[in-house]
Amino acid sequence: MARRLIGALALSAALLGGCVSVAPYEREALSRKGMDVEREGMEMGFRAHVHDSREGATGGHGSTGGGCGCN
Amino acid sequence: MARRGPSGYDAPVNSRLRLVALALSTAAALLVPARPASADEASGTWTGDVELRGNYYWERSTRVIAPAVSTRLQAPNGLRVNAEYLVDAITSASQAAGVLEDVRFTEIRHEGTVGLGGEIDLGDAQLDLSGSFRVSREPDYLSIGGGLNAGLALNDRATTLRLGAYVIHDEIRQRFQAGTGTRPDFMGEGTSADAFEESFNALSLTAGIEQVLSPVVYFNVTYQYNYLNGFLANAYRRVAVADVLRPENHPGVRHRQSLTGRLAGHIRRTRTSVHVIYRAYWDSWDIAAITPELRVYQQLARYTHLRLRWRHYRQRRAFFYEPAYADDTPEDAYVTADPKMSTFHSHLAGFQLLLGMGFLEDTALDAFREATLDLNFEYIWNTNRFGNGVIAQVGLRIPF
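Each value, and the rule that gives it
Residues numbered from 1 in each chain as written. Chains lettered and ligands numbered in written order. Predicted model: local features only at pLDDT ≥ 70, side-chain atom pairs only at ≥ 80, totals over all residues. Heavy atoms only, no water. Core = buried A, V, L, I, M, F, W, Y, C linked by side-chain atoms within 4.5 Å. Buried < 20%, exposed > 50% of the residue type's maximum accessible area, 1.4 Å probe, protein only. Helix = DSSP H or I, 4+ residues; strand = E, 2+ residues; numbered from the N terminus. Contact = heavy atoms within 4.5 Å. 1 Å grid on protein atoms, 1.4 Å probe; cavity = no way out; pocket = protein on both sides within 12 Å on 5 of 7 lines; lining within 4 Å. Points joined across faces, edges and corners; volume = space filled by probe spheres on them. Nonpolar A, V, L, I, M, F, W, Y, C, P; charged D, E, K, R; others polar. Polar contact = N/O pair within 3.5 Å; in protein donor to acceptor, adjacent residues only side chain to side chain. pLDDT = per-residue confidence, 0-100. Salt bridge = Lys/Arg side-chain N within 4 Å of Asp/Glu carboxyl O.

## Structural notes on the nonpolar core
Residue and element names in this part refer to chain B. With 24 residues, the main nonpolar core has Ile172, Phe200, Phe231, Ala235, Trp285, Ala318 and Met341 as its most contacted residues. Contributions of two or more residues to this core are made by strand S7 (159–173) and strand S8 (197–214). With 3 residues, the top contributor of residues to this core is S7. Apart from residues lying up to four places away in sequence, Ala318 is in contact with Trp285, Ile287 and Met341. Ranked by size, the runner-up nonpolar core spans 12 residues in total, among them Ala66, Ala68, Ile380 and Ile391.

Now the structure itself:
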């Protein structure tokens, strides 16, 4: 059910993307600290490492599930 | 974060930690510029940043202290270079028998990552290519990985398609358990005999799309597939079967898949950003998990931001996990004492305070006016044997 929901959302976003046109000069809000999550990469890396070593699931944050016995 | 058997490493660890701290301080002093560079293509100088981060994780039986330093550089021609170095000092009680014992040991892990990337302008589109290489080393574990990523930006960068591939080779040894280094029987299919020298290989494939939906909203979705083949159990953990301890025995192959979506929006009037994240995960060991997450970013003052985060995780057990195995469990049956193979759930709640250093402008410390300091604290309520935990981080990022 959850997979179908995310798939539907992804498909909707892809289709919607073709209909939406947002000029670069209109995207000032997308570069604000709360929207630019790339700056959190190093912080999230450690957190992902903790989650990978304590949960059966992985993925979605660049982790591959290997290393340090976290498989 | 692997659990290991007891060792007498505590004394040398203290001197190692001091050396590591000295190395990180020296590296930071060398990397942080005395004044900001006038970094642009016209001047031909490089731009970038240096990030120092202290990471801490605590739970009932494990403590992790992990200082890290990273730098990202961009050349005037657009070439990007990044490097990161991290040290894990893991202090843990032994769970080799699946039961907490009053024995503590400390283990050090070193991890280094380097990356290279750049963008190619294709006219109506931009192709971003990057590669990375990582080595992680512990006394009894070596992990080597490398990967390539490609991102194709379309529609004035409103749409980005991403593809990635990553390979891993891990080598597992057994140096702490009674010093035997001998592989017990029944440790999984495909394992070698006698000397404990196991390994596994992994391949990870990623595909994703990011789409700007409006001037204040974007959406992305990422699919990830992982294939692991080799020794996938813990080298030290033991499982009680009919009052006899036997080594963990996990299947030698695992197919893992996840689908993650994020919807992010910004409210201009209140200077608030909201991220709704959802991950669905499933694998060939019958584990299925969901992970909804909510993040709220609030600008409190000109240089101060607050982030609130809530995350829920819920999974069902692996097909071979049993709270207690029957006395007649066959010798070669898959058995595990790994709490993360069980059915459980957790909640995480926490905050981050992000402080900008803009108030240093036109002072003696003007060089640090674009730096940021972040303080993080998160608490995890966990229903399995790992128990509750705390993640705390402090980070200093200095652009130049």
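## Let's talk about empty space enclosed by the protein
In total, this model carries 6 cavities of 30 Å³ or more according to the counting rule given. Reported here for the second largest cavity is a volume of approximately 80 Å³. Among the secondary structure elements, those contributing two or more residues to the lining of the second largest cavity are helix H2 (41–54) of chain A together with strand S1 (47–59), strand S16 (344–356) and strand S17 (372–382) of chain B. Element by element, the count of residues in the lining of the second largest cavity is highest for H2 of chain A, at 3 residues. Split into classes, the residues belonging to the lining of the second largest cavity amount to 4 nonpolar, 6 polar and 3 charged.

## With respect to the side chain of Asp374 of chain B
All names here are of chain B. Of note, Asp374 is situated in strand S17. A residue is classified by how much of its surface remains accessible, and Asp374, at 5% relative accessible area, is buried. One polar contact links Asp374 to Arg53, side chain to side chain, over a distance of 2.8 Å.

## Remarks on the confidence of the model for chain B
Residue and element names in this part refer to chain B. Looking at chain B, the pLDDT average stands at 85 and 81% of residues meet or exceed 70. Ranking the elements of chain B by mean pLDDT puts helix H1 (residues 10–31) last, at 46, and strand S15 (residues 304–315) first, at 98. Counting contacts from residues 1–15, a segment whose pLDDT is below 50, to residues more than four positions away or on other chains yields 52 contacts. Across residues 24–39, confidence stays below pLDDT 50; counting only partners more than four residues off in sequence or on other chains, it has 19 contacts. In the model output, the complex is listed with pTM 0.83 alongside ipTM 0.83.

## Things to note about the environment of Gly34 of chain A
Mapped onto the elements, Gly34 of chain A comes out in the loop between helix H1 (2–19) and H2. On the basis of relative accessible area, Gly34 of chain A is assigned to the buried category, the value being 6%. Through-space distance from the C-alpha of Gly34 of chain A to that of Pro24 of chain A is 18 Å; in sequence the pair is 10 residues apart. Setting aside residues up to four positions removed in sequence, Gly34 of chain A forms contacts with Ser273, His275 and Tyr297 of chain B.

## A word on the interface of chain A and chain B
Residue-level contacts link 53 residues of chain A with 94 residues of chain B. The partner of Glu378 of chain B in a salt bridge is Arg47 of chain A, with the nearest N and O atoms 2.6 Å apart. Sorting the residues of the side of chain A that touches chain B by element identifies H1 and H2 of chain A as the ones contributing at least two each. A total of 11 residues in the side of chain A that touches chain B trace back to one element, the largest contributor, which is H2 of chain A. For the side of chain A that touches chain B, the class distribution of residues is 21 nonpolar, 19 polar and 13 charged.

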